Amino acid sequence: MTEETTATSPEDLARHAEKMAKKKAARAKIMATKTGEKGLIIVHTGKGKGKSSAAFGMIFRHIAHGKKCAVVQFIKGAMSTGERDLILRRFSDLCEFHTMGEGFTWETQDKARDVAMAKSAWEKAKELIRDPANSMVLLDEINIAIRYDYIDLAEVVAFLTDEKPAMTHVVLTGRNAKEELIEVADLVTEMELVKHPFRSGIKAQIGVEF
């Protein structure tokens, strides 16, 4: 690439500055109207990776700001994960962590036990959400428990709608989020699967998946 094609004229620089100034003014006008605050219902769903990882990013953001939060894991079993180990080792004063599941049903091979564990996890989740000390509660893989009818969808929706404290954020993760849950949510992100190493024979790895 020649000097002539990469050079930017004073006129070009002036036009760019004017364009950016207009964008900044428009952005400021929009932001001036966004003054409300509320506790959000946040759903991470979809077939792609990153649902729980993104949710834990918000949990660690809460921790970084010194705000109390909590995690309830509905499906994941006793396998060690980096997030849980770090929170329990360093931040248990700010974040309660409850691993209530014992793995997927094909691992436990005991549906009655899975249902009982999921219901127990939901009771713990409600307790933590009701606690005014918690600013955010992450319900990891709750969508899976709902999908398998381990816990009642209508009850979850009713609780989030009627009983969740006004300023408490609740994050719900897992594939196949139900439409009723999406309807009451304030923020919904669907992770789209484009490519995954598992399809090429690569197993889950420390620091990436757990």
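For clarity, every value in this text was computed on a predicted model and none was experimentally measured. (Residues numbered from 1 in each chain as written. Predicted model: local features only at pLDDT ≥ 70, side-chain atom pairs only at ≥ 80, totals over all residues. Heavy atoms only, no water.)

1. So, the overall build of the protein
Next up, step 1: Helices and strands together make up the secondary structure of the protein, namely nine helices and six strands.
Next up, step 2: In terms of overall dimensions, the protein is more spread out than a globule: its C-alpha atoms have a radius of gyration of 22 Å, far above the 17 Å expected for 210 residues.
Next up, step 3: Taking the principal axes of the C-alpha coordinates as reference, the protein spans close to 70 × 45 × 35 Å.
Next up, step 4: The burial tally for the protein puts 36% of its 210 residues in the buried class.
Next up, step 5: Long-range pairs, those at least 24 residues apart, make up 80% of the contacts in the protein between residues at least 6 apart in sequence.
Next up, step 6: Across the protein, 32 positive and 31 negative side-chain charges occur, with their mean positions spaced 3 Å apart. (Helix = DSSP H or I, 4+ residues; strand = E, 2+ residues; numbered from the N terminus. Rg over C-alpha atoms; globule rule 2.2 N^0.38 Å. Buried < 20%, exposed > 50% of the residue type's maximum accessible area, 1.4 Å probe, protein only. Contact = heavy atoms within 4.5 Å. Lys, Arg positive; Asp, Glu negative; His and termini not counted. Charge placed at Lys NZ, Arg CZ, Asp CG, Glu CD.)

2. A few points about the nonpolar core
Next up, step 1: Formed by 32 residues in total, the largest nonpolar core has its most connected members in F74, W122, L139, I151 and L172.
Next up, step 2: For this core, the secondary-structure elements that each account for two or more residues are β1 (41-45), β2 (69-73), α6 (111-130), β4 (136-140), α7 (142-147), α8 (153-162) and β5 (169-173).
Next up, step 3: Excluding residues that lie within four positions of it along the chain, F74 makes contacts with G101, A118, A121, W122, A125, L139, D140, E141, I142, A145 and I151.
Next up, step 4: Of all hydrophobic cores here, the second largest spans 15 residues; its members include I42, A55, I59 and C69. (Core = buried A, V, L, I, M, F, W, Y, C linked by side-chain atoms within 4.5 Å.)

3. Let's talk about the sheet that holds β2
Next up, step 1: If you trace the six strands from one edge of the open sheet to the other, you get β3-β2-β4-β5-β1-β6, paired in parallel fashion. Here the strands that pair on one side only, and so sit at the sheet edges, are β3 (95-99) and β6 (187-190). Strand-to-strand, the axes of this sheet are offset by a mean angle of 10°, without reference to chain direction.
Next up, step 2: Pairing analysis gives five bridges linking β2 to β4, with the strands arranged parallel. The residue bridging Q73 from the neighbouring strand is D140, located in β4.
Next up, step 3: Seen against the sheet, helix α3 (residues 51-64) touches β1, β2, β3, β4 and β5 and runs at an angle of roughly 160° to β4. (Pairing = 2+ DSSP bridges. Axes fitted to C-alpha atoms, helices over the stretch in contact; angles between N-to-C directions.)

4. A few points about the environment of F91
Next up, step 1: Relative to the helices and strands, F91 is located in the loop between α4 (82-90) and β3.
Next up, step 2: For F91, a relative accessible area of 24% puts it in the partly exposed group.
Next up, step 3: Beyond its immediate chain neighbours, meaning those up to four positions away, F91 contacts F60, I63 and L86.

5. Quick look at the packing of α3 against α4
Next up, step 1: In contact at an axis separation of 12 Å, α3 and α4 are set at 15° when each is read in the N-to-C sense. Overall, the two elements α3 and α4 adopt an arrangement that is roughly parallel. As α3 packs across α4, the resulting crossing turns out to be left-handed. Contacts between α3 and α4 involve F56, I59, F60 and I63 on the former and, on the latter, E83, L86 and I87.
Next up, step 2: In terms of residue class, the contact of α3 with α4 is built from six nonpolar, no polar and one charged. (Parallel < 35°, antiparallel > 145°, perpendicular 65-115°, else oblique. Left-handed = near helix turned anticlockwise from the far one by under 90°. Nonpolar A, V, L, I, M, F, W, Y, C, P; charged D, E, K, R; others polar.)

6. With respect to the side chain of K51
Next up, step 1: Relative to the helices and strands, K51 is located in helix α3.
Next up, step 2: Put simply, K51 is tucked away with no salt bridge, and the nearest opposite charge, on E141, sits 6.6 Å away.
Next up, step 3: Reaching out from K51, the side chain makes a polar contact with the backbone oxygen of G48 at a distance of 2.7 Å.
Next up, step 4: Apart from the residues within four sequence positions on either side, K51 is in contact with H44, T45, G46, T173, G174, R175 and M191. (Salt bridge = Lys/Arg side-chain N within 4 Å of Asp/Glu carboxyl O. Polar contact = N/O pair within 3.5 Å; in protein donor to acceptor, adjacent residues only side chain to side chain.)

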